[in-house]
Amino acid sequence: MRVLIVEDDPHIAELLRDGLTEDGYDCDLARSAAEGAELARLFPYSLLLLDVMLPEGIDAGYHLGQRLREEGLTAPMMYLTARGTVEDRVEGLEAGGDDYLVKPFEVRELEARISTLLRRHRRA
């Protein structure tokens, strides 16, 4: 399964890619919303992990997710972000996210959420 990680922090991006690769996923990294949009349009991903605050702006991840949904992307999307208020989480879900995980998070929880999203998506 192929995963797109859109994360501008190189350290976090590498940790995510390394951990998911160990779990058997093929991962691509994008450092901006523009790069993430380009990759999402080029390749069929099983899952997208999107940071919210990207170089294009404080809500760039939300805008990316919303734009991809409007273009017909059906793959599960999860926001991974430091923004953790109820308003932030609701905004992410309303912008097309299937899940929302606040940084810092435990890797085990991320793995469980990914597994759940993929299982639900396969059933649908």
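Here is a short report on the structure shown in this document. None of these values were measured; they are calculated from a predicted model.

A closer look at the layout of surface pockets
Where empty space is left in the structure can be found by rolling a water-sized probe over the atoms.
Line of reasoning, step 1. Roughly 240 Å³ of internal volume is contained in the largest pocket.
Line of reasoning, step 2. If you trace the largest pocket, you find 13 residues lining it, with Ile12, Leu15, Leu16, Phe105 and Val107 closest to the centre.
Line of reasoning, step 3. Looking at the lining of the largest pocket, the elements that each hand over two or more residues are helix H1 (10–22) and helix H5 (107–123).
Line of reasoning, step 4. If you tally residues by element for the lining of the largest pocket, the top one is H1, at six residues.
Line of reasoning, step 5. Per-class residue counts for the lining of the largest pocket are eight nonpolar, two polar and three charged.

Comments concerning H5
Line of reasoning, step 1. Between its first and last C-alpha, H5 extends 24 Å over 17 residues, near the 24 Å set by a 1.5 Å rise per residue.
Line of reasoning, step 2. Of all the positions in H5, only Leu110, Ile114, Leu117 and Leu118 are classed as buried. Take H5 and look down its axis: the buried residues cluster within an arc of 95°, on one side only. Turned more than 90 degrees away from the buried face of H5, the exposed residues are Arg108, Arg120 and Arg123.
Line of reasoning, step 3. Structurally, H5 contributes buried residues whose contacts are with H1, strand S3 (47–50), strand S4 (77–81) and strand S5 (99–102).

A word on the pattern of salt bridges
Line of reasoning, step 1. For the structure on display, the rule yields 11 salt bridges.
Line of reasoning, step 2. For Arg41, the salt bridge is made with Glu71, and the minimal N-O distance between the two is 2.7 Å. Taken together, the residues Arg41 in helix H2 (residues 33–42) and Glu71 in the loop between helix H3 (60–70) and S4 connect sequence positions 30 residues apart.
Line of reasoning, step 3. Across the pair Asp98 and Arg69 runs a salt bridge whose closest N-O atoms are separated by 2.6 Å. Of this pair, Asp98 sits in the loop between helix H4 (86–94) and S5 while Arg69 sits in helix H3, and the two are 29 residues apart along the sequence.
Line of reasoning, step 4. Relative accessible area serves as the criterion here: at 22%, Arg69 is assigned to the partly exposed category.
Line of reasoning, step 5. In the salt-bridge network here, residues are joined through shared partners; they are Glu7, Asp51 and Lys103.

A look at the environment of Arg69
Line of reasoning, step 1. Separated by 48 residues in the primary sequence, Arg69 and Leu117 place their C-alpha atoms 16 Å from one another.
Line of reasoning, step 2. Among residues more than four places away in sequence, those in contact with Arg69 are Thr74, Ala75, Pro76, Met77, Gly96 and Asp98.
Line of reasoning, step 3. At 2.9 Å, the side chain of Arg69 forms a polar contact with the backbone oxygen of Leu73.

Here is what the cut-offs are and how they apply
- Residues numbered from 1 in each chain as written.
- Predicted model: local features only at pLDDT ≥ 70, side-chain atom pairs only at ≥ 80, totals over all residues.
- Heavy atoms only, no water.
- 1 Å grid on protein atoms, 1.4 Å probe; cavity = no way out; pocket = protein on both sides within 12 Å on 5 of 7 lines; lining within 4 Å.
- Points joined across faces, edges and corners; volume = space filled by probe spheres on them.
- Helix = DSSP H or I, 4+ residues; strand = E, 2+ residues; numbered from the N terminus.
- Nonpolar A, V, L, I, M, F, W, Y, C, P; charged D, E, K, R; others polar.
- Expected span 1.5 Å × (residues − 1).
- Buried < 20%, exposed > 50% of the residue type's maximum accessible area, 1.4 Å probe, protein only.
- Arc of directions from axis to C-beta.
- Contact = heavy atoms within 4.5 Å.
- Salt bridge = Lys/Arg side-chain N within 4 Å of Asp/Glu carboxyl O.
- Polar contact = N/O pair within 3.5 Å; in protein donor to acceptor, adjacent residues only side chain to side chain.

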